[in-house]
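Working through the structure, step by step
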Amino acid sequence: LAALWRSNAWGQLIDGHAHFKVRPECVQGFVQEKLGEAYQSNRLGRVSRDCLADKALVLYFEGKQRDEALLRALQQVYKQFGCEEGLGHFEVVYITAAESAEQFAACFRAMPWLTLPFTHALRREQLRHLFEVDPDDCAAVLLHMDGTTISREAKPLMALAHRLQSSIDEKRSESSYQKDLAKLIEKERKSLAQLEKRLQEGVVSRLGRVAKQLFAQLRAREVAEFLAEGGCPDKALHAELEAAAAAVEVAREGLRALDADALEELRVADSPPSAPVREAVEAAATLLQVRPDFAHAQARLMPRPGAFVERLLALEVGQVPAAARPRLRRFLGSAAEEGQCEATPPAAEASTAVAVALRGWVCALLRHEAAALEVEMAAECISCTPAMQAAVECICDLHGLHEVEEDLRGALLMADRFSRDAAAAGAAEEEEGEDEEVSELQDKASMVRRLVGLMEEGLKAAAKEVPKLQEGLAEPSPHADFGRRHEEVPDQLHALRDPEAPKGPHTVHAHALVRATLLISKPAVVQSAGADKGALLGEVIKSIGELYAKIQDAAIDKQAEGVTPAPDVTEAEWEQCKALVGGINGKALAQASRSFSTWHEWLSKVAELHSAKAGLLSKRNAAKQAKEQLLAINKQLDAAGLDSPFSLALMHSVAQAAKDAGQPLRRSQLCWVLERAKGDERVAISLATSQASARRALPVLRDPSLLSNFDVSAVTPAMARRVKETLSSVEALQTHLAELSALDEEAGEAVGRRVGERPQVGDTVLVLSSRDDEASRFVGMAGRLEEDDGSSQPFLVLFPSGGDYENQTWWFYEGEIEASELLAGIAEPIEHGSEATGEEGGEEGGEPRPGAWRRFASMPSAAMVLLKGGDLALLRPGA
């Protein structure tokens with residue numbers, strides 16, 4: 001019976017639902033009733049419900065914050081389907097959320113669709129309630145022509161439709177751009193063919209003819225002299241230089257042999273000495289670049305016994321000031337004017353041994369300086385004319401030596417000297433084995449040096465932490481000052497000894513505090529008491545002030561390396577103390593006694609300070625061991641490099657730079673290049689890294705007929721600029737420079753911006769890359785540089801109108817954009833013509849439209865292909 005009853009009840013329920021179901025026509029009437037009869041339009045004014053007949057509806061519910069994406073989607077769809085002229089099959093009804101008529105008018109002013117009058121607030125609320133729309137959010141409800149609901153979540157559908165339509169529009173525009181681009185590519189291909197023909201008929205053929213004539217007309221001796229090692233051909237000058245060097249050594253021996261008492265008498269003299277001695281001292285002061293006054297030289301050069309001779313012996317022969325000889329002409333006499341300085345002047349002019357030794361030292365240095373200058377001038381006087389020298393430099397520049405700023409001859413000499421190493425293969429292998437050993441030592445030294453640097457950084461950080469902890473103990477805050485509260489401890493510890501006193505959780509922690517304090521201040525008491533807590537309590541009650549003073553003084557002592565309250569305290573007892581302090585419950589102590597809590601905080605800081613000092617000491621010891629290891633490695637390197645006058649650090653730096661550039665150096669090459677550069681690291685690296693180019697240029701200089709096979713395509717703009725700079729420095733070559741300028745002007749490159757030069761405001765620029773992910777959409781696009789504020793992200797670029805990027809701007813970093821003359825003018829606003837013909841259109845096969853370059857610039861794919869030197873024909877439709 002029960003089952004039968006349930007079956008009957010279910011049938012009655014289903015029948016009742018079908019009976020009371022709302023019919024579709026009633027639903028349609030209900031929604032239309034809620035919408036009402038009156039509407040408002042900016043174009044038509046007040047309208048009735050008749051304008052909605054046979055149209056689908058989009059109810060646009062506005063929230064407190066306007067959704068711009070939804071609004072743009074509605075505007076695009078409304079315009080796309082011709083609803084603005086009343087030809088569309090749907091209508092949008094705007095349901096405002098404005099709270100005043102003025103706000104409603106401001107929002108609705110730019111909308112082309114219908115709206116409910118602002119005074120119909122009840123209808124708006126009923127519609128929001130009917131479709132369950134949140135008043136805070138914007139929403140869209142899509143209704144059928146008969147009033148039934150298609151979707152209450154039409155907002156994402158409208159956004160999707162907007163994106164799809166934008167993609168379709170871009171695809172159509174791209175197809176139009178492809179047609180324009182194909183025409184432009186064809187035109188440029190024809191122009192390129194004409195330029196190549198002119199190049200083959202003009203420059204290349206002329207290059208071949210000139211190369212054949214060059215060898216017959218070239219004065220080979222001049223090139224050979226340019227490539228030769230600069231040297232002095234006069235043996236007499238070399239002999240004079242050697243004699244001057246010997247005289248310098250004799251003069252130095254004379255200084256070493258001076259009587260110490262005579263020098264000390266001169267150092268402490270209160271009055272000026274005799275004229276010969278005073279003049280000799282002042283002459284020596286001139287060479288040492290000290291004011292030539294005896295009293296001033298006495299104070300500056302003789303601060304202690306022996307200091308004067310040390311300063312004199314430390315002056316090298318190459319360190320003589322250029323202005324010394326003119327200033328000392330009167331001192332040297334008429335013989336000095338002729339450039340002849342004797343190492344030992346006549347006895348009549350030297351009344352003392354000091355004057356004789358000083359005069360001999362001064363004359364010897366000036367004699368050596370004059371002889372060295374004569375040798376250097378003779379070495380520079382070669383017969384290679386300036387025009388030939390400039391021509392050789394141009395050849396070198398065109399073979400990749402344009403980046404060698406100094407000592408071009410040195411780069412060529414090195415390539416010549418070390419290109420004939422095949423004859424000494426055995427010696428090279430032995431040298432290479434030694435180089436590998438030295439290289440391993442250098443790598444090890446570099447690794448240890450980096451480790452020492454890291455350790456020193458850690459030491460600095462740890463050394464800053466210790467004073468902070470000590471300052472916190474020396475000047476604690478009032479509520480954490482155990483120095484004020486330690487006098488309260490005995491009374492509270494007495495309570496712990498009373499067997500009748502109540503015991504709480506804090507009792508165990510208090511005993512731990514007592515034991516931890518005695519472990520680091522009186523470890524012997526802890527050892528003798530053992531597990532007797534009463535004895536430990538009695539010791540602390542009796543001497544808490546003494547214990548605090550010992551520990552506090554040891555903690556704030558800035559001179560001590562560690563924290564040592566007692567001489568017999570060990571690291572094991574410190575570790576026990578830290579374990580006890582770390583296991584104490586600070587909250588339980590604070591609830592029981594403020595004094596115990598302050599005691600615990602103070603002892604925790606002391607333990608932390610001990611750990612910091614112990615860590616600092618450990619780091620110092622480790623750093624000391626590392627430095628000792630580095631010193632041992634450096635001694636091994638010194639032993640391996642005793643034959644080199646240059647520091648190992650300099651040798652390693654130059655060798656590493658050459659290795660990074662793909663030009664590894666053997667030890668003999670490294671020593672040669674450093675000697676050639678006179679120890680200048682920058683010049684040495686330039687010589688070492690330019691060897692590949694120097695080895696290419698050297699055969700051509702020896703046999704100019706090889707220029708007939710020169711690859712013109714390998715010439716870069718930087719090489720061409722350097723050649724022009726070289727030609728401009730020689731008056732006899734100005735005609736060749738004028739010919740080059742005329743060719744550049746004819747090719748349209750006379751006013752070209754240098755590659756890598758900073759773009760100027762107003763330039764057309766091409767975006768090469770971007771660090772910002774949001775700006776990646778601009779890569780490959782051209783725009784106009786609007787601003788350069790000189791900051792780390794200085795460039796503000798305005799992009800051409802069209803698509804979703806209409807008149808947008810973005811800030812870029814240096815190196816992310818580059819000035820482009822090829823695309824100049826593309827950043828102007830695009831005037832859109834029809835797709836096939838129109839203002840910018842053109843007939844099939846005719847000239848490209850005037851806006852073709854601008855449109856081409858808005859296509860990232862085409863711009864990047866052009867930038868990378870690719871074939872633009874690949875961009876044709878269907879390719």
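Scroll up for the structure.
Here goes a summary of the coordinates provided.

Conventions adopted
- The residue count restarts for each chain, going from 1 along the sequence in the order it is written.
- Given that the model is predicted, a residue must reach a pLDDT of at least 70 before its local features are reported, and side-chain atom pairs must reach 80 or more before they are shown or counted; all residues, however, enter totals for whole chains, interfaces and linings.
- With hydrogens and water stripped out, all remaining heavy atoms of the structure feed into the side-chain values.
- Helix and strand labels come from DSSP, where a helix needs a run of H or I of at least four residues and a strand needs a run of E of at least two; each type is numbered from the N terminus.
- The classification of residues rests on relative accessible area computed with a 1.4 Å probe and restricted to protein chains. Under 20% of the type maximum is buried, over 50% is exposed, and intermediate values are partly exposed.
- Any two residues whose heavy atoms approach within 4.5 Å are treated as being in contact.
- Note on areas: Shrake-Rupley, 1.4 Å probe, and residue coverage restricted to the protein chains presented here.
- Ring pairs are drawn from Phe, Tyr and Trp, using the six-membered ring of Trp, whenever the two centres fall within 6.5 Å, and their geometry is named by plane angle: stacked under 30 degrees, edge-to-face over 60, tilted for the rest.
- Only the contacting stretch of a helix is used when fitting its axis, a line to C-alpha atoms as for every element, and angles between N-to-C directions run 0 to 180 degrees.
- Each angle receives one of four descriptions, namely roughly parallel if under 35 degrees, roughly antiparallel if over 145, roughly perpendicular if within 65 to 115, and oblique otherwise.
- Note on convention: the crossing is left-handed when the near helix lies turned anticlockwise from the far helix by less than a right angle, right-handed when the turn is clockwise.
- A pair of strands is labelled paired if DSSP reports no fewer than 2 bridges between them.

Considering the overall build of the protein chain
- Helix and strand content of the protein chain: 35 helices and 12 strands.
- A burial count over the protein chain gives 39% of its 879 residues as buried.
- Taking as baseline every contact in the protein chain between residues at least 6 positions apart, the subset at least 24 positions apart corresponds to 69%.
- Carbon and sulfur atoms provide 53% of the accessible area of the protein chain, an area that totals close to 49700 Å².

Some words on the packing of aromatic side chains
- Applying the stated criterion across every chain yields a total of 17 aromatic pairs.
- An angle of 0 degrees between the planes, with centres 5.9 Å apart, marks the rings of Tyr 94 and Phe 108 as stacked. Taken together, the residues span a long stretch of sequence, with Tyr 94 in strand β4 (residues 90-95) and Phe 108 in helix α4 (residues 101-108) at a distance of 14 residues.
- What makes Tyr 94 buried here is its relative accessible area of 0%.
- Relative accessible area serves as the criterion here: at 2%, Phe 108 is assigned to the buried category.
- A centroid spacing of 5.1 Å and a plane angle of 45 degrees characterise the contact between Tyr 548 and Trp 602, whose relative ring orientation is tilted. With a gap of 54 residues between them, Tyr 548 in helix α24 (residues 533-556) and Trp 602 in helix α27 (residues 594-640) connect regions that are remote in the sequence. Note on accessibility: Tyr 548 and Trp 602 belong to one class, buried.
- Each member of the aromatic cluster is reached from another via a ring pair, and the members are Tyr 60, Tyr 78, Tyr 94, Phe 104, Phe 108, Trp 113 and Phe 118.

Things to note about the packing of helix α21 (residues 489-497) against α24
- Here α21 crosses α24 at 160 degrees, and the two axes come no closer than 9 Å. As the angle between them shows, α21 and α24 are arranged roughly antiparallel. For the crossing formed where α21 meets α24, the hand is left-handed. Note on element contacts: α24 touches α21 through Gly 534, Leu 537, Gly 538, Val 540, Ile 541 and Ile 544, opposite Val 489, Pro 490, Leu 493, His 494, Leu 496 and Arg 497.

A word on the sheet that holds strand β11 (residues 809-812)
- In space, the 5 strands of this open sheet follow the order β11-β10-β9-β8-β12, with antiparallel pairing throughout. Unpaired on one side and paired on the other, β11 and β12 (817-819) mark the two borders of the sheet. Direction aside, neighbouring strands of the sheet carry axes that sit 45 degrees apart on average.
- Pairing analysis gives 4 bridges linking strand β10 (residues 795-798) to β11, with the strands arranged antiparallel. By the bridge assignment, Val 797 is partnered in β11 with Trp 810.

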